[in-house]
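Chain by chain, the residues run as shown.
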Amino acid sequence: MWLKLFFLLLYFLILFVLARFFEAIVWYETGIFATQLVDPVALSFKKLKTILECRGLGYSGLPEKKDVRELVEKSGDLMEGELYSALKEEEASESISSTNFSGEMHFYELVEDTKDGIWLVQVIANDRSPLVGKIHWEKMVKKVSRFGIRTGTFNCSSDPRYCRRRGWVRSTLIMSVPQTSTSKGKVMLKEYSGRKVEVEHIFKWITAHAASRIKTIYSAEHLKEEWNKSDQYWVKIYLFANLDQPPAFFSALSIKFTGRIEFIFVNVENWDNKSYMTDIGVYNMPSYILRTPEGIYRYGNHTGEFISLQAMDSFLRSLQPEVNDLFVLSLVLVNLMAWMDLFITQGATIKRFVVLISTLGTYNSLLIISWLPVLGFLQLPYLDSFYEYSLKLLRYSNTTTLASWVRADWMFYSSHPALFLSTYLGHGLLIDYFEKKRRRSNHDEVNANNLEWLSSLWDWYTSYLFHPIASFQNFPVESDWDEDPDLFLERLAFPDLWLHPLIPTDYIKNLPMWRFKCLGVQSEEEMSEGSQDTENDSDSENTDTSGSEKEAFEDKQSIVHNSSGRASHCEAEACSCANKYCQTSPYERKGQSYGSYSTNEDMEPDWLTWPADMLHCTECVVCLENFENGCLLMGLPCGHVFHQNCIVMWLAGGRHCCPVCRWPSYKKKQPYAHQPVSNDVPS
């Protein structure tokens, strides 16, 4: 999880650097920045009208370019970034869908139950034509959708009783707006009573009703009283402008942030004395002033702070977020982090998607479960101070220059989703490349065959259903088996019968291996005597073997092991070592020792080359042969040591346990405390 979080933060850093790189390219080619102001005089009449439409100001009675330019200047400064966004939005010819209501309940759920938005609904009476034609309605839908106003059509033929109860006997337009200034309050329905059904007249009617909810100040005395008043709102945003009514985007935001932020429009059109505005720090017209308990913030002085709905919405959301905003943000981050598994996981393609689906389900479930107690704690009354301090911290951090860059990048990548997805895919492919390179350098085998992986998955599934489950605790600690879910439970106490657990043999490559070494070289006579003693010892041990061990070595698989063990390759010269003594725990020994003894004192084995948790012995009980100088040995988790070839064939044949003590070869065991090896020959 921490690796995915690191890759996600690295991806965000790449996006930030890439945005700065794009800004440098634009500056190099054109010599302008996104925050550079644009002179409206240099713009064409069409571009000026586009800016007014994006800000939500009517221009139907302004036929000349001079009047339109003055209206643009009165509504706020124009930046290059805002001009680019407005022109790009105007060129986009994508159709915006409108809702078709099926009846009373559908209308109530979407319109009357919506507490923080505006709806424009065209009601079509029975056997009547719509008030607004199809072409004009499509233009209307596109125009009002820029300001977050949702649209729909209610045909009374689908529910005539509801239309009669509402009094909709003729085709009309209905607008729903919140009735109170509290969050989640009641809504009221307004009916269009105008005679003209042109788009501009309807839009002016909508903006007039939306602006009526904003507190308007017409005098300096009223401004002074409002500025010094302390009420329930901690955050207030003032618009000082020489306009008849605020822009439509400002009115739409006032409805969207109902109960969180108070919007105030200060009309300075007929003011003679503007000294008080200078006293409170307002020097330019128009000005968007955000007043918080921490101080005054002038909107429009930082990167990405345009006079538009999207820019101001992201700015206000960062200062005064809802719980739903935080949940959506956490949901996006968690899913972006989960999708990193598609590139981190190596192997078959089907395996990648199976792991991805599992990760998505796990992460989203944990996210929802973790949010439930958070929502409960937020309802407690004694957490109000904690909530206020959290908002104060957000306001401090989100009014910095770095936060303005982050908001500008968010708007840029949200308006270019193809760029966002392509950079995410490129970042993931780089992660996949370096992960493959790392695993190859570590000699980790990656199964890239889909059929092979599905076969292993089916084996695990059938083993899980019909076989006893193997233990989760395995050996060694560094093995990948520690993270395998099929070894989660302990082996159940069911009768084994002919059913044996289907245990993969990947753990064998992680067992410790080393070469047997002696401290000196022996003569040929000593070697022959040592070999005779070894054969005598082996015969005597075979006669004393218990019944259970005889059965284990008499079956078909053990015979193969014995023949293979005798043919094991040793690289150096043979030697017979003295003191062939094996340390075992008391409950394993039971009066007899594991290993062989020699009556002659030859060269001492080099025990320093042995792993610390392995028992000292000089004989392999699988092939019943002594260890020769230079031969390859392998140890099991229980501490017993064998020829590498012998024990590998033993384990690969399905006997996943030690030939001596029957301890599972994949299960970890506490290491033994080594006893000092005695050089005396036992009597």
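In what follows, the accompanying structure is described. For every chain, the first residue of the written sequence is number 1, and numbering continues from 1 onward in sequence order. Local features in this predicted model are restricted to residues whose pLDDT is 70 or higher, and side-chain atom pairs enter the listing and the counts only when it is 80 or higher, whereas totals over whole chains, interfaces and linings include all residues. Excluding hydrogens and water, the side-chain values take into account all heavy atoms of the structure.

### Describing helix α3 (residues 65–75)
- Relative accessible area decides the class of each residue, using a 1.4 Å probe on protein chains only: under 20% of the type maximum gives buried, over 50% gives exposed, and in between gives partly exposed. Only DSSP runs of H or I with at least four residues qualify as helices, and only runs of E with at least two residues qualify as strands; both kinds are numbered from the N terminus onward. Along α3, the residues classified as buried are V68, R69, L71, V72 and S75. Relative to the axis of α3, the buried residues are bounded by an arc of 160° and lie together on one face.
- Working rule for contacts: check all heavy atoms of both residues, and any pair within 4.5 Å makes them a contact. On its buried face, α3 is in contact with α2 (45–55) and β9 (287–292).
- Positioned one or two residues after α3, G76 has a phi angle of 145°, which is positive. Note that the arc is computed from the directions linking the helix axis to the C-beta atoms.

### Describing the pairing of strand β14 (residues 632–635)
- Here, a strand pair is defined by DSSP locating no fewer than two bridges between the strands. Sheet topology places strand β11 (residues 513–515) next to β14; 3 bridges connect them, and they run antiparallel. Considered in β14, the bridge of W514 is made with L633.
- Across 3 bridges, the pairing between β14 and strand β15 (residues 641–643) is antiparallel. Opposite L633, over in β15, you have H643 as the bridge partner.
- Joining the antiparallel neighbours β14 and β15 is a turn of 5 residues, in which G639 adopts a positive phi near 110°.

### Topic: the side chain of T292
- Mapped onto the elements of the fold, T292 is located in strand β9.
- If we skip the residues at most four places from it in the chain, T292 touches W234, V235 and R395.

### Some remarks on the state of the cysteines
- Sulfur atoms of two cysteines make up a disulfide when they are within 2.5 Å. Applying the stated rule across the entire model yields 1 disulfide.
- Through a disulfide, C156 is tied to C163; the S-S separation comes to 2.1 Å. Across the S-S bond linking C156 and C163, the dihedral sits near -95°, which makes this disulfide left-handed. The exposure classification of C156 matches that of C163, with both residues buried.
- Here C620 stays unpaired: no disulfide links it, and the sulfur of C623, its closest cysteine neighbor, is 3.7 Å away.
- This cysteine, C661, is not joined by any disulfide, and C638 carries the nearest cysteine sulfur, 3.6 Å off.

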